Structures are given as structure tokens and as C-alpha cells.
Amino acid sequence: MKCTVNGRPQEIDDVWEGESLLYALRERMGLPGSKNACEQGECGSCTVYLDGTPVCACLVAAGQAQDRDVVTVEGLADEDELHPVQQAFLDAGAVQCGFCTPGLLVATHDLLERQPQPSDPEIREALAGNLCRCTGYEKILDAVRQAATAKAEQ
Amino acid sequence: MEFLRPATWDEALAAKAEHPDALPIAGGTDVMVEINFDATRPDVLLDLTRIDELADWSPDGERLRIGAGVTYSRLIADLADRLPGLAMASRTVGSPQIRNRGTIAGNLGSASPAGDAHPPLLADDAVVEAHSTRGVRHIPITEFYTGVKRNALAKDELIAAVLTPPADGPQQFAKIGTRNAMVISVTAFGLALHPGTGTVGAAFGSAAPTPRRATHAEEFLAAELSATGRWDSRAELDPATVTRFGALVAEAASPIDDVRGTADYRTHALSVMARRTLVWAWTDYRRKRVRTCA
Ligand SMILES: Cc1cc2nc3c(=O)[nH]c(=O)nc-3n(C[C@H](O)[C@H](O)[C@H](O)COP(=O)(O)OP(=O)(O)OC[C@H]3O[C@@H](n4cnc5c(N)ncnc54)[C@H](O)[C@@H]3O)c2cc1C
Ligand code: FES
Ligand code: FES
């Protein structure tokens, strides 16, 4: 199976093409950033970009990712500088156990690409597919607002 | 397991003819849940996401032709004005990630009684366009759902598109679930008023073995609106009409008790949703007149 992940070509053998892209990323490509919490599209912790669209990697068959372009949370930061969205999550204290964070980062990244200054209802709607058991959503909302401000100031 | 990745529609149909048991996969939002939980281990998966033409919609005579690969997100972005009922239903599906992948055809393929696309498609008199190497079949939506999670597709057929007329009047959709995001409906209801033909479409989900039209309710309301000249006058509805409509919708249901709700609750909820959506739709209809006259 061949695809591009975070800008780099990936080629893996012995893939069962019906396994999920999430499994392929984590177990076969050594990219454990996307998390596996439910495997049924409910929690969003596996959110990745597939050809530029945020999707649940657990619901994409590995074979469907053939020749596609995948971006995971590992692909958001520059060389050694966090992406403003990542920095904002840290600064706002929106990360506790961190399990939900990779998915939230990708979903927030996408939201701010489409809508640089989202309203609170727009934030809630955009993150409705990402569950967090720890922090509570207030800190996450704070983080998204801070990220929007930081990006605007860039 | 074999994973087939046809690049064209003809290849897909040939593959399905050759492997009638192949499981088509589009957005995967139903199929992958089954596979991840070992509920199914298909010998052959038939990936339809590489066939670009499936992901398009286009006008088709009097109707719109929605390709099988059109996702909920695409439908909401492109067709909310022409198919408001289906767009409203689409907005309630899952989460953004699910709507970015999930397709209307996948909803039809699964034919779950809880599928949210079904009530608006029924209310709109949609037609499922099924293809096989044998030819094309147009299946009226009322004949499409044949049982719990069963549909009228033959083993060698694939859904190419859904044909549905653009709205010619107000449409509404309502769904009751346990929270805002990601709910499988406890019950859902779709309403379409068709002033052009003087008819009404009313259909529900999760309250019978299949999604279903409330035919008596539709006929009652259409007759009432014609007899009282209201299609033209757009006068306020008689509250008794609204109540009776709700009762007839509820009567059409044959719900079950399950973890999401009791049969009694579902019947009650349906009559409430039917009444509410009718009032909303009629208010919309009355307002439109004001706008056209002004
Ligand atoms: C977290 C989550 C939340 C959800 N919320 C909702 C909700 O609120 N409302 C709702 O209605 N659904 C919901 N669903 C279910 C699912 O998203 C929908 O049923 C969706 O429409 C399925 O589309 P798909 O393209 O992903 O289908 P797939 O999973 O790819 O396929 C579904 C079925 O259709 C068949 N199929 C697909 N395309 C074709 C074709 N062209 N021809 C013939 N057969 C075909 C497949 O073989 C399979 O049997 C949810 C699912 C998840 C995981
Ligand atoms: S692991 Fe994919 S949505 Fe939960
Ligand atoms: S920080 Fe633990 S799940 Fe969100």
C-alpha cells in the first residue's frame, strides 16, 4: 500500500487492505499520534486529513488510502516549532491526559483554515465529533479562541 | 480478502457481476464499524471512492441526480436551497468527520430504519437509480426498503444515483435523540409540502421495521388544504387539522421498545414532531407569499 503521509511517500507491505487507516498509521508506519479510542467514529481522537478533508482514520479502509494524501497530527508542526494551534492547547491548559488532543488539533486546524475567526457556536459545531473525558470543553474552547488570535497576529 | 479498486463505473459493475458477494464500501462509516468489530469479514471489498463521476450531482430533467458518492457535507454545501429537507437531515448526521465521508447512497445501502436520509427521500418521492451489467433500474423509494436493514438491490446491482425533484414548497425535518451530536435517532420525521401538485409527503424513521410514509396523514392533509382553499389563500391552519395530522402520522407507526426508547414514547414523539414541523412548514409557506407579493 502506497500513500503520502505528512508530505513523505510511504510504502508498506503485508497490509490487510480492510484494516483501518488508523491501524496502518499506528502499527505499520510508526505514527502513533492519531489515537485509537473507539474504532467506531464516535470519539474523533483518530481525526486525520485525507486529501485535505478531516475524517476518522478508523473508518477509512487502508486500501482506500492508496495514492491519497494523509496528514496526521505529526504533520502539523514545523521542524521544531509547534503549530499555533498546538501552542494554544498547551497554553490554555486544554490538555490533560492528551488522548483526545491529536484529533482536536486536526479538527481545530481545519476549522481555522476555513473560518479564521469562528464564533463559539461554530467552534462547538466543528468539534462536535471530538470527545474529551478529562479537561472539560471550556479550556478547549479557550484554546481554539487563543489559536485564532495567535494565527491572526502571525 | 480481496480489495477491488475499480477506477471506472463500468469496471465497478463488472466487478460486482463477477463477485456478487463483494461488499461495496463508500464512506465506510457503516462498513468499517462492522469490520473493526468483526461483525463482518467480507471476502471481497469493492471500493467505490475512486470513481470520480459518482461524487457529482447534476440537474436531470425535472429532477436532481445525486451521485452515489455525494457526501452529506457536499449535499449541505451545494444543495441546501434546492433540497432543504434532505439538507436538514444531513446536518443532523454524526459529526463533521462523519458527514465528510458518509454518503446518501451508503445510507440507502445500509437501509437502517434509523437512517436520516430516508424520511426526506420518501417525502420527496425520490427514485433510486440502480445499475448492473444487465442494465439500469429505477426503483421508487417506497419500494426500496424491503425489511430491517434490507433493500431491493439485486446482488449484482450498485446504486449509481438518487433522483429527487427539487423542493417546490417548504420542507422540514425533525429528529429526536439523546444529545446533539452523533445521535442515532429515537425517531425522525420528514415533511415536504408540494403546492405545485397539491400533495404532501410525510415520512418517518425508527418507528417501524423500515422507514415509512404516513400515507393516510399525507392524503388527509392534502385533501384538507385543497378543500379549504388554503394552498391558494395560505390562511392560518386550523388547529384541529394540525392535531389530526399528528395523530394520523403516529397511527402509521409500528414501533418497538428498545434501548433508545419505548414504543409509546416513539408514537407520542412522532405526533409531536409531525405537528411541529407542519406548523413550521406552513409558517414558511405563508411568509413566502408575503415576500413574493412585496
Ligand atoms: C459515529 C457515527 C455516527 C453516525 N450518525 C448517523 C446519523 O446521525 N444518522 C444516520 O443516518 N447515520 C449515521 N451514521 C451511519 C452512517 O454514517 C450512514 O449510514 C452513512 O450514510 C453511510 O454512508 P457511507 O458512505 O459511509 O457507507 P458505507 O459504510 O461505505 O456503506 C454502507 C452500506 O451501503 C453499501 N453501499 C455503499 N455505497 C453503495 C452503492 N453505491 N451501491 C450499493 N451499495 C452501496 C455498503 O455496501 C454498505 O452495505 C453514523 C455512523 C457513525 C460511525
Ligand atoms: S477511534 Fe476513530 S473516532 Fe474513535
Ligand atoms: S485530555 Fe483526556 S480525553 Fe481529553
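Above this text you will find the structure in question.
Note that the structure is predicted; figures quoted are calculated from it, not measured.

Peer 1: Looking at this structure, how should I read helix α2 (residues 84–91) of chain A?
Peer 2: Residues lying three or four places apart along an α-helix face the same way, a consequence of the helix completing one turn every 3.6 residues. Residue and element names in this part refer to chain A. For α2, the set of buried residues is Pro84, Val85, Gln86, Ala88 and Phe89. Against α3 (101–114) and α5 (137–153) lie the buried residues of α2. Positive phi shows up at Gly93, right after α2, with a value of about 70°.

Peer 1: Help me out: how do you make sense of the sheet that holds strand β13 (residues 199–205) of chain B in this one?
Peer 2: All names here are of chain B. On the basis of which strands lie adjacent, the open sheet formed by four strands has the order β11-β12-β13-β14 and antiparallel pairing. Each edge of the open sheet is held by one strand with a lone partner, namely β11 (171–176) and β14 (212–213). Relative to β13, strand β12 (residues 187–194) runs antiparallel, the two sharing seven bridges. Looking at the pairing, Leu191 lines up with Ala202 of β13.

Peer 1: Any chance you could explain the packing of aromatic side chains here in plain terms?
Peer 2: For any two aromatic rings, the description comes down to two numbers: the centre-to-centre distance and the angle of the planes. All names here are of chain B. As enumerated under the stated definition, the model contains five aromatic pairs over all chains in all. Look at Phe144 and Tyr145: their rings are 5.6 Å apart centre to centre, the planes differ by 85°, and that puts the pair in the edge-to-face class. Assessed through its relative accessible area of 0%, Phe144 is described here as buried. Its relative accessible area of 8% is what places Tyr145 among the buried residues. Ring plane angle 80° and centroid distance 6.2 Å describe the contact between Trp231 and Tyr285, whose orientation is recorded as edge-to-face. Taken as a pair, Trp231 in helix α9 (residues 230–233) and Tyr285 in helix α11 (residues 263–293) lie far apart in primary sequence, 54 residues in all. Among the aromatic side chains, those forming a connected cluster through ring pairs are Trp231, Trp282 and Tyr285. Directly above the ring of Tyr285 sits Arg234, whose terminal nitrogen or CZ lies 3.8 Å from the centroid.

Peer 1: Where do I start with the site of ligand 1 in this structure?
Peer 2: Residue and element names in this part refer to chain B. Every one of the 36 residues lining ligand 1 counts as a neighbour, but Pro24, Thr29, Asp30, Tyr72 and Thr103 are closest to it. In the model, an oxygen atom of ligand 1 is placed 2.6 Å from a nitrogen or oxygen of the Asp30 side chain. Residue Ile159 places a main-chain N or O atom 2.8 Å away from a nitrogen atom belonging to ligand 1. For the shell around ligand 1, the secondary-structure elements that each account for two or more residues are β2 (23–25), α2 (31–36), α5 (96–101), α6 (104–110) and β10 (158–164). Of the residues contributing to the shell around ligand 1, the split by class is 18 nonpolar, 14 polar and four charged.

Peer 1: Can you help me understand a negative patch on the surface in this one?
Peer 2: A cluster of like negative charges, contributed by Asp78, Glu79, Asp80 and Glu81 of chain A, occupies part of the molecular surface. Looking at where Glu79 of chain A falls in the secondary structure, it is placed in the loop between β5 (69–71) and α2.

Peer 1: Mind showing me how you'd approach the sheet that holds strand β3 (residues 47–50) of chain A here?
Peer 2: In a beta sheet, neighbouring strands pair by backbone hydrogen bonds and run either parallel or antiparallel. Residue and element names in this part refer to chain A. The strand order β2-β1-β5-β3-β4 describes an open sheet built from five strands, whose pairing is mixed. Lying at the two open borders of the sheet, with one neighbouring strand each, are β2 (8–11) and β4 (53–56). Geometrically, the sheet is characterised by an average inter-axis angle of 40° between neighbouring strands, direction not taken into account. Pairing analysis gives four bridges linking β3 to β4, with the strands arranged antiparallel. Within β4, the residue paired with Thr47 across the bridge is Cys56. Taken strand by strand, α3 contacts β3 and β4, and its axis lies near 45° from that of β3.

Peer 1: How should I be thinking about the side chain of Asp124 of chain B in this particular structure?
Peer 2: Residue and element names in this part refer to chain B. The topology assignment puts Asp124 in the loop between α7 (118–123) and β6 (127–132). Look at Asp124: it is buried, it has no salt bridge, and the nearest opposite charge is Arg213 at 8.7 Å. Look past the residues within four positions of Asp124 in its chain and what remains in contact with it is Leu83, Thr164, Pro165, Gln171, Ala192 and His194.

Analysis parameters
- Every chain begins its residue count from 1, and numbering advances along the sequence as written.
- Chain A is the first chain written and ligand 1 is the first ligand written, with later ones labelled in order.
- Residues qualify for local features only when their pLDDT is at least 70, as the model is predicted, and side-chain atom pairs are given and counted only at 80 or more; totals for whole chains, interfaces and linings, by contrast, use all residues.
- In computing side-chain properties, one takes all heavy atoms of the structure into account and sets aside hydrogens as well as water.
- Classification of residues uses two cut-offs on accessible area relative to the type maximum, computed with a 1.4 Å probe and protein chains only: under 20% is buried, over 50% is exposed, and between them is partly exposed.
- The numbering of helices and of strands both runs from the N terminus, where a helix is a DSSP run of H or I of at least 4 residues and a strand a run of E of at least 2.
- Here, two residues are considered to be in contact whenever any of their heavy atoms come within 4.5 Å of each other.
- One bridge is not enough; two strands pair if DSSP finds at least two bridges between them.
- Pairing of aromatic side chains here covers Phe, Tyr and the six-membered ring of Trp, requires ring centres within 6.5 Å, and sorts the geometry by plane angle: under 30 degrees stacked, over 60 edge-to-face, intermediate tilted.
- Note on criteria: charge over ring means Lys NZ or Arg CZ within 6 Å of the ring centre, with the direction from the centre no more than 35 degrees off the ring normal.
- Think of it this way: one heavy atom of a residue within 4 Å of a molecule or strand is enough to make that residue near it.
- Whenever two N or O atoms come within 3.5 Å, that pair is a polar contact, provided that in protein one can donate a hydrogen and the other can accept it, and provided that, for residues adjacent in sequence, both atoms are side-chain atoms.
- Side-chain classes are defined by residue name, with Ala, Val, Leu, Ile, Met, Phe, Trp, Tyr, Cys and Pro counting as nonpolar, Asp, Glu, Lys and Arg as charged, and the others, Gly among them, as polar.
- Exposure above 30% relative accessible area and the absence of a salt bridge qualify a residue for a patch, where like charges join within 9 Å and nonpolar side chains (Val, Leu, Ile, Met, Phe, Trp, Tyr) within 5 Å.
- For every accessible area listed, the method is Shrake-Rupley and the probe measures 1.4 Å; residues are considered covered only by the protein chains on display.
- We define a salt bridge as a contact between a side-chain nitrogen of Lys or Arg and a carboxyl oxygen of Asp or Glu at a distance within 4 Å.
- Think of it this way: Lys and Arg go in the positive column, Asp and Glu in the negative one, and His and the chain ends go nowhere.
- Lys charges are placed at NZ, Arg charges at CZ, Asp charges at CG and Glu charges at CD.
- The convention used is that axes are lines fitted to C-alpha atoms, helices contributing only their stretch in contact, and that angles between N-to-C directions extend from 0 to 180 degrees.

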